[in-house]
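# Observations on the three-dimensional arrangement
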Amino acid sequence: MEKYIKDELAKLDKGLVATPTVEYLVNFAEANNGKNDLLLMQLAKNYGYKLALLNVENEIAVLNAEKNE
């Protein structure tokens, strides 16, 4: 599972639409004035997927730590 998460996270920055940071999303949304909404939507989906993967990765680490206590 850990390898899968790492592989998926690595893919996010190599796609046609790289995964942005929160700051990038905010700046893009403010600067585009309603244009390129499809691009903004894809950026947001990539960012959401990244957050989900990081949360799962963290939960696995917590469960493993508890198991090893």
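One can find the structure itself at the top, above this paragraph.
Residues numbered from 1 in each chain as written. Predicted model: local features only at pLDDT ≥ 70, side-chain atom pairs only at ≥ 80, totals over all residues. Heavy atoms only, no water.

Moving on, we come to the environment of Ala44. Examined against the element boundaries, Ala44 turns out to sit in helix H3 (residues 37-67). Taking relative accessible area as the criterion, Ala44 reaches 38% and is therefore assigned partly exposed. Sequence separation between Ala44 and Val62 is 18 residues, and the spatial gap between their C-alpha atoms is 27 Å. (Helix = DSSP H or I, 4+ residues; strand = E, 2+ residues; numbered from the N terminus. Buried < 20%, exposed > 50% of the residue type's maximum accessible area, 1.4 Å probe, protein only.)

Pairing between side chains becomes possible if they bear opposite charge and their charged atoms approach one another. Across all of its chains, the model carries two salt bridges by this definition. In this structure, the salt-bridge partner of Lys3 is Asp7, at a minimum N-O distance of 2.8 Å. In this pair, Lys3 and Asp7 are both assigned in helix H1 (residues 2-12), four residues apart and thus about one turn of the helix distant. The class for Asp7 is partly exposed, based on a relative accessible area of 35%. A salt bridge links Lys11 to Glu8; the shortest N-O distance between them is 3.0 Å. Residue Lys11 and its partner Glu8 are located together in helix H1, separated by three residues, close to a single helical turn. What makes Lys11 exposed here is its relative accessible area of 53%. Since its relative accessible area comes to 14%, Glu8 is described here as buried. (Salt bridge = Lys/Arg side-chain N within 4 Å of Asp/Glu carboxyl O.)

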